Each structure stands twice: as C-alpha cells, then as structure tokens.
Amino acid sequence: MKATLVTLTLALATRAPGAVDAQSAGRSAWPSRAKAVRGALKDAFRAYEKDASGFDDLAPVSRRGVNWLHSRATLVDALDSLYVVGLREDYERAVTEVLRPTLVGEPPFWQSVSVFEYHIRVVGGLLGAFEVSGDRRLLHAASHAADRVLSVLPRKLGDAYTRTRQRLADPYGRPILWLVARIIDEVQARWPGQNKNCASLAGVGSFGLELRVLSRETGDRTYAAAADRIFDQLHEGWAEDGGSTATRWTRGFYGKNCNFNNRLHARRGLGSGGDSFHEYLLKEQLVGDASEDRAAMYDWVESRLMREALPNEHLALFAPGMLALGATASKRRRSASSTSRARALARARELVDGHGRDWYRTPTGLGADGKGEENRWYALRPEYVESLFYLYRTTGDEVYRDRGWAVFEALVTHCRVKATGAFAGLKDVRSPNPEQDDAMPSFFLAETLKYLYLLFSERDVYPLDDWVFTTEAHLLATEPRCDRAACSGPARPPRWRRLPLDVVVLLLFGCLLWIRVRRRRRKERTV
C-alpha cells in the first residue's frame, strides 16, 4: 500500500502546479501516469478483496460488502482490467476464485437479479477475460453464464419481463431449480399488488455484442440467434416509425402490463435506458455482423447526433466517443447515407470539447450524474473519460490525455479513501470539500480506471482496429481469439457443467429412500 501511495505521489509530481498541457508534461510523463492508474486499480481491488470478498461491491467508507447482483460483480468485472494493466498476481488470484465451483451457482436461484446487469458484468466480464488472456476456462464459464441469460430472454418483445429482475438458475445443470425459479417469477408477476415494471430499450437490446462474440468463439449460433431475434423486432418497430426518416427516438419500454404512466409511448435516446442499444448498433458491425438493417439504424443515430444536443445526464457523455469510433472504424459497414468521416469526427470533438468539458467545470473537477440541484452526486462514472480515450485514439491530440489526467488527479484528491486506497463517489461535486458517498461500483474498476490507463498508454496498446469495448468496457477481439494467438485450457467445457445435478441428487435421494423402505419391510417380515 505504501509503495503504491509513493507511486501516485511521484506521478502527481510529474506535472507542474496548475499546468494542463502536454508540452510542459512531455511524452516521458505518460508511462508514469499509466503506472499511477495501475497503482490505483491495485489498491482499489485489494481493498475490495479485504473488506468485501464474496460480495458484489465494496462500501469503501464503512468498509463492508454490498450485494445487489449476488454474483461477486467486482471480482468478475475487474478481471480483464487486472490483466490489461499487468497486475498478473491479482489477476491469477481472481481467476482462481471466479472458477471455484459453488453448490447452487451464482446468483443463487432464489435471488432475483437484473438480467441486463448480469449480462454486461458477468457474461461480458468472463468473455473479456478470455479474450485478453486466451484461457478457455473463462470462455466456458462465460458460456455457462450466458445459458442462464438465454433461458429468460423473451422470444417476443411483447412478452418481455413483467419484472425487470429475474431468477437466473442454470437450465442445464439445475433444471429442477430452473423450473422452480420460472414458476416463482411467473406467480410473482401475476400476483395482485406486485410492482410491475417495464424492460427498457437498453435492457432488451444490449445483448448482441457479447452473444455474437460468444457464438464466434464457441461455434454455437444459439447465442447470436437469440440476440438477432430481439433486434429484428426492434428494427421492425423502427421501420414502422419511418426508418431513416423517423423523427422520434426508438420506443423506450417493452413488456406485459407496461402501459402505465404512458410508458408504451415513451422514447429513449442516448441517455439512460437507451444508451448501450445505440452503441451496439455500431460495435456489432466491428466484430463481423454484416446486417444492413443494423448499419442503417446506426447511420440514422449518427445523423441525429450530428444535429441534436446530448441529454443532460452523465451517461450520455459516451456519445462523442461512439461518434469518433464510427467515423474512423475501418470495419464499419458504410453506405451513401453515412455521415462523412471528417464531419462525424469534427462533431465528436465539438461535443466533448463543449458539452463534456463544461460538465466537468466544477470545484472538484468532476461531473455530476445529472443537471439540476437534485443531481449533484458523482458515482465514479466512466463516460467522460471513455470519450476522451476514443478522441485521443482517433485524433492523436494530446489535449485529451491532459484532460484525462486532470480527472484522475481529481479522483485521487477527492474520491480516494486514504485508509484503504479504495475510491468512493461524491455527494456534491459543487462543494470544494465534498463528502464521500459510501459506494465503489464495479464499473469503476472495469471501465473508469481501464479507460484512464489506456488513455495514458501508447495508441498501439489494444488498438481500436483489433479490439472492441463492450458497454462495460470489456475487451473483445475483432477476430477469433485462438486464431490470432495461443489459447490454453480444455477445448471443451467440463462434462459436469451439463450434468443435471439436481436431477441426479433427487434420483440418489429416491434410491436411498427406496433402499431404506425395502430394508424396513424385510425386517418386519423376519419379525
């Protein structure tokens, strides 16, 4: 811990007080700054291991674990970050823990969880760790987790989750528990007085990138087909709205009993509830999807972004980065309706230089989650540094690295918990002495610190031509992993993964009961 603090201090000292320009810092400063981010990730992860092992997130101020996904979210979410920054000892320790078998699986079948969050953090985290390391054990674990997701994905959007939280039992390894979980979910959904909810556009439409890569790596088309089935219905709705001439964003909510507060008519753009769906329209093209429909929808999103302002929420700050990636990606499917590369990149710079930079002009140097008096907190979100990363990678302009360093300095100054090295959000970014919030979400390790580390690294470290980042910043290769580099581990998953263990246990219990009854009857006859 002391060594890491020294590293951070030295890195901070590489910059003259008050200076924020690349010429004064010099190119030689960036390796030490990347090292400072590595040290921050190391301290944050070890604080999680010490105070919240077995839980999803760390409450860094009170030093306790918090469960909301019941899947050790931080442990899985941080895997590829640990590998990318070179913390191999921590990475190997985390992999050993992730692959440790559990009796009922994670999450347990009696716990209802967000299907969307489980997918982007657990399925994406395991798949991303395989993509960077080549360890097939992680690929098999990702496939196993994805089977849980597929078992509850709706075949028709009209049948989307009545409740946005579902029980994710293993349909192959625990078929009886899976059936019990489905029955409980259905009963709860129909029970009078239960809180009904709707699945958002992002919540039903942001599965395709991970599932498409999973199909590519395993050879099982089931995963991509499930995502395509949902997309086809979303595209049909978009076409009914007018397609490329539509003047409204895509319908924002889906599901049974969803027509409350006029939600069936609500729309979702680039903010919460719609962000990752629009992002994946582009990114699925970069991993080999040849769909003209998906390309046409992204062209439409891009054209709207060229003339419309961003929503007033931090989540929307990812959009300039998406625009820059779309402008420069060689594997994107372009058409006559696509915005020119030069115009799209200029618009991306305009958005991040104006809207994004203004958002972070606060006494703390960090941006609030939203606008208005009631939205002053900062939750360690990554969207601004994500766009800085993409703008630097696509333009080479050092100013974006300098702004990223200013964000990291603000994180160390205001968010770092000195006793443990963990990081906490802020309750009021407009206060010069803000109070820390007692939360360190898993995405801080998965996204914020990873983007900062790669921003301060050379542009050929995980280059954008070869890698695609999921909405949770997990790294997926644009080509099959084992075709371009060596892979390790068994080519096929362990057979016991597909063994219906609860059926076997039930049969064994039945056999033991039958043997006991037979013995009792024999004893009674001899008497």
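Since the structure is predicted, the reported quantities are computational estimates derived from the model, not experimental observations.

A. Inspection of the overall build of the chain at higher detail. Looking only at helices and strands, the chain has 21 helices and eight strands in total. Counting only residues that meet the buried cut, the chain has 57% of its 527 residues in that class. Residue pairs in contact within the chain that sit at least 24 positions apart in sequence constitute 73% of those at least 6 positions apart. Taken as a whole, the chain presents about 22400 Å² of accessible surface, with 53% of it coming from carbon and sulfur.

B. Quick look at the pattern of salt bridges. Applying the stated criterion across every chain, the model contains 40 salt bridges. Measuring nitrogen to oxygen at the nearest pair gives 2.5 Å for the salt bridge that ties Arg294 to Asp289. We classify Asp289 as buried; its relative accessible area is 11%. Ionic pairing is found between Glu302 and Arg332, a salt bridge with its closest N-O pair at 2.9 Å. Of the two residues, Glu302 sits in helix α14 (residues 292-305) while Arg332 sits in the loop between α15 (319-328) and α16 (341-359), which places them 30 residues apart along the sequence. Side by side, Glu302 and Arg332 carry an identical accessibility label, which is buried.

C. Structural context of a positive patch on the surface. On the surface, Arg518, Arg519, Arg521, Arg522 and Arg525 cluster together into a patch of positive charge. Considering the arrangement of structural elements, one finds Arg519 in helix α21 (residues 501-526).

D. The packing of helix α13 (residues 275-286) against α14, seen in detail. Direction vectors running N to C along α13 and α14 enclose 130 degrees, while the axes themselves pass 9 Å from each other. Here α14 runs oblique to α13, going by the angle between their axes. For α13 against α14, the interelement crossing comes out left-handed. Across the interface between the two elements, Phe277, His278, Tyr280, Leu281, Leu282, Glu284 and Gln285 of α13 pack against Arg294, Ala295, Met297, Tyr298 and Val301 of α14. Looking at side-chain class alone, the contact of α13 with α14 contains eight nonpolar, two polar and two charged residues.

E. Molecular detail of the confidence of the model for the chain. In the predicted model, the chain carries a mean pLDDT of 88, and 88% of its residues have values of at least 70. Every residue in residues 1-22 is under pLDDT 50, and counting partners more than four places away or in other chains gives 33 contacts.

F. Molecular detail of helix α11 (residues 208-218). The buried fraction of α11 is high, at nine of eleven residues. Buried within α11 are the following residues: Gly208, Leu209, Glu210, Leu211, Arg212, Val213, Leu214, Ser215 and Glu217. Of the residues flanking the end of α11, it is Gly219, one or two places downstream, whose phi is positive at about 80 degrees.

G. The arrangement of a negative patch on the surface in detail. On the surface, Asp232, Glu236, Glu240 and Asp293 cluster together into a patch of negative charge. When residues in the negative patch are grouped by element, the largest group, three residues, is from helix α12 (residues 222-240).

H. Up close: the packing of aromatic side chains. Within the structure shown, the criterion is met by 16 aromatic pairs. Judged by centre distance (5.7 Å) and plane angle (70 degrees), the ring pair of Trp405 and Phe456 falls under edge-to-face. Residue Trp405 is located in helix α18 (residues 399-415), and its partner Phe456 is located in helix α19 (residues 442-456); the two are separated by 51 residues in the primary sequence. Trp405 gets classed as buried once you look at its relative accessible area, which sits at 1%. Taken together through their ring pairs, the aromatic side chains of Trp30, Trp405, Phe408 and Phe456 make up a single cluster. In this structure, Arg33 is placed above the aromatic ring of Trp30, and the distance from its NZ or CZ to the ring centre is 4.7 Å.

I. Looking closely at the side chain of Arg167. Relative to the elements of secondary structure, Arg167 occurs in strand β4 (residues 165-167). Here Arg167 falls in the buried class, since its relative accessible area comes to 8%. With sequence-adjacent residues up to four places away left out, Arg167 is seen in contact with Phe109, Trp110, Gln111, Ser112, Val152, Ala181, Arg182, Ile184, Asp185 and Gln188.

J. The environment of Ser71, seen in detail. Within the fold, Ser71 resides in the loop between β2 (64-66) and α4 (73-77). With relative accessibility at 3%, the residue Ser71 sits in the buried group. Along the primary structure Ser71 and Glu106 are separated by 35 residues, whereas in three dimensions their C-alpha atoms are 5.2 Å apart. When near neighbours in sequence (up to four residues on either side) are disregarded, Ser71 contacts Asp56, Val76, Glu106, Pro107, Tyr118 and Val122. A distance of 3.0 Å separates the side chain of Ser71 from the backbone oxygen of Leu69, its partner in a polar contact.

K. Focus on the environment of Glu479. By the secondary structure assignment, Glu479 is in the loop between β8 (475-477) and α20 (481-484). Note: C-alpha distance between Glu479 and Val287 (192 residues apart in sequence) is 6.9 Å. Leaving out residues up to four positions away in the same chain, Glu479 has contacts with Arg216, Glu217, Lys331 and Arg484.

L. View of the packing of α14 against α15. The contact between α14 and α15 brings their axes to 11 Å, and the two run at 120 degrees. In terms of their interaxial angle, α14 and α15 are classed as oblique. Pair α14 / α15 crosses with left-handed handedness. Side by side, α14 and α15 meet where Tyr298, Val301, Glu302 and Leu305 of the first sit next to Ala319, Met322, Leu323 and Gly326 of the second. Among the residues forming the contact of α14 with α15, the class breakdown is six nonpolar, one polar and one charged.

M. Examining the environment of Gly367 more closely. Along the chain, Gly367 falls in the loop between α16 and α17 (383-395). Taking relative accessible area as the criterion, Gly367 reaches 0% and is therefore assigned buried. Considering only alpha carbons, one finds Gly367 and Asp428, 61 residues apart in sequence, at a separation of 9.7 Å. Setting aside its immediate chain neighbours within four residues, Gly367 contacts His314, Trp359, Tyr360, Trp377, Tyr378 and Val429.

Quick notes on the rules
- Residues numbered from 1 in each chain as written.
- Predicted model: local features only at pLDDT ≥ 70, side-chain atom pairs only at ≥ 80, totals over all residues.
- Heavy atoms only, no water.
- Helix = DSSP H or I, 4+ residues; strand = E, 2+ residues; numbered from the N terminus.
- Buried < 20%, exposed > 50% of the residue type's maximum accessible area, 1.4 Å probe, protein only.
- Contact = heavy atoms within 4.5 Å.
- Areas by Shrake-Rupley, 256 points an atom, 1.4 Å probe, with all protein chains shown as cover.
- Salt bridge = Lys/Arg side-chain N within 4 Å of Asp/Glu carboxyl O.
- Patch = residues over 30% accessible without salt bridge, like charges linked within 9 Å, V, L, I, M, F, W, Y side chains within 5 Å.
- Lys, Arg positive; Asp, Glu negative; His and termini not counted.
- Charge placed at Lys NZ, Arg CZ, Asp CG, Glu CD.
- Axes fitted to C-alpha atoms, helices over the stretch in contact; angles between N-to-C directions.
- Parallel < 35°, antiparallel > 145°, perpendicular 65-115°, else oblique.
- Left-handed = near helix turned anticlockwise from the far one by under 90°.
- Nonpolar A, V, L, I, M, F, W, Y, C, P; charged D, E, K, R; others polar.
- pLDDT = per-residue confidence, 0-100.
- Phe/Tyr/Trp six-rings, centres within 6.5 Å; stacked < 30°, edge-to-face > 60°.
- Lys NZ or Arg CZ within 6 Å of the ring centre and 35° of its normal.
- Polar contact = N/O pair within 3.5 Å; in protein donor to acceptor, adjacent residues only side chain to side chain.

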